[in-house]
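Listed here are the chains, written in short residue letters.
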Amino acid sequence: MDIFSKIAAGEIPSYKCAENEEFYAFLDINPLVVGHTLVIPRREVDYYFDMADDELARYQQFVKRVAIAIKQAFPCRKVAQVVLGLEVPHAHVHLIPMQSEADADFRREKLKLTPEEMQQAADKILQAFER
């Protein structure tokens, strides 16, 4: 079981932002901006485009709902969707609230948020998602 599967299963703590039976969203622990969220399928699949078309469609519908919740929780110009990352062999999407394109620059220094700040951000997104 990879680290993202363990997170979705509750074996490793995370800052949950949204979930359903197929997908799980949680805050990135090294965020570019407050509200930077990862969305994963619960099923272990390494490559985003290895998902079947119907699963990928459901995934994108879930991702869209999370992005709408992020925009409500953290008013921004847009929410970037980035499919990037080779470190974890599990498909995932980064959702990043943006005021400018610089907010989605993965080369920039990551934020250092306290556990309380992380929990507050996750709670805001989860509340908006559940509305």
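As a starting point, this report considers the structure included with it. Throughout this document, residue positions are counted from 1 along each chain, in the order its sequence is written. Where local features are concerned, this predicted model is filtered to residues with pLDDT of at least 70; where side-chain atom pairs are given and counted, the filter is 80 or more; whole-chain, interface and lining totals use all residues. The side-chain figures draw on all heavy atoms in the structure; neither hydrogens nor water molecules are used.

This brings us to helix 3 (residues 115-130). Helix numbering and strand numbering both begin at the N terminus, where a helix is a DSSP run of H or I of at least 4 residues and a strand a DSSP run of E of at least 2. One fewer than the residue count of a helix, multiplied by 1.5 Å, yields its expected span. Taking 1.5 Å of rise per residue, the 16 residues of helix 3 would be expected to cover 22 Å, and the 22 Å separating its terminal C-alpha atoms lies within 8% of that figure. Think of it in three bands: with a 1.4 Å probe and only protein chains considered, a residue is buried below 20% of the maximum accessible area for its type, exposed above 50%, and partly exposed in between. Here helix 3 has its buried residues at Met118, Ala121, Ala122, Ile125, Leu126, Ala128 and Phe129. The buried residues of helix 3 all sit within an arc of 165 degrees when viewed along its axis, so they share a single face. Opposite the packed face of helix 3, turned more than 90 degrees from it, sit the exposed residues Glu116, Gln120 and Glu130. Elements that come into contact with the buried residues of helix 3 comprise strand 1 (16-19), strand 2 (23-27), strand 3 (37-41) and helix 2 (53-73). What the arc covers is the set of directions going from the helix axis to the C-beta atoms. We call two residues in contact whenever any of their non-hydrogen atoms come within 4.5 Å of each other.

Our next topic: helix 2. For an α-helix, 3.6 residues make a turn, and residues three or four places apart therefore share a direction. Taking 1.5 Å of rise per residue, the 21 residues of helix 2 would be expected to cover 30 Å, and the 30 Å separating its terminal C-alpha atoms lies within 8% of that figure. Contacts from the buried residues of helix 2 go to strand 1, strand 2, strand 3, strand 4 (78-82), strand 5 (93-98) and helix 3.

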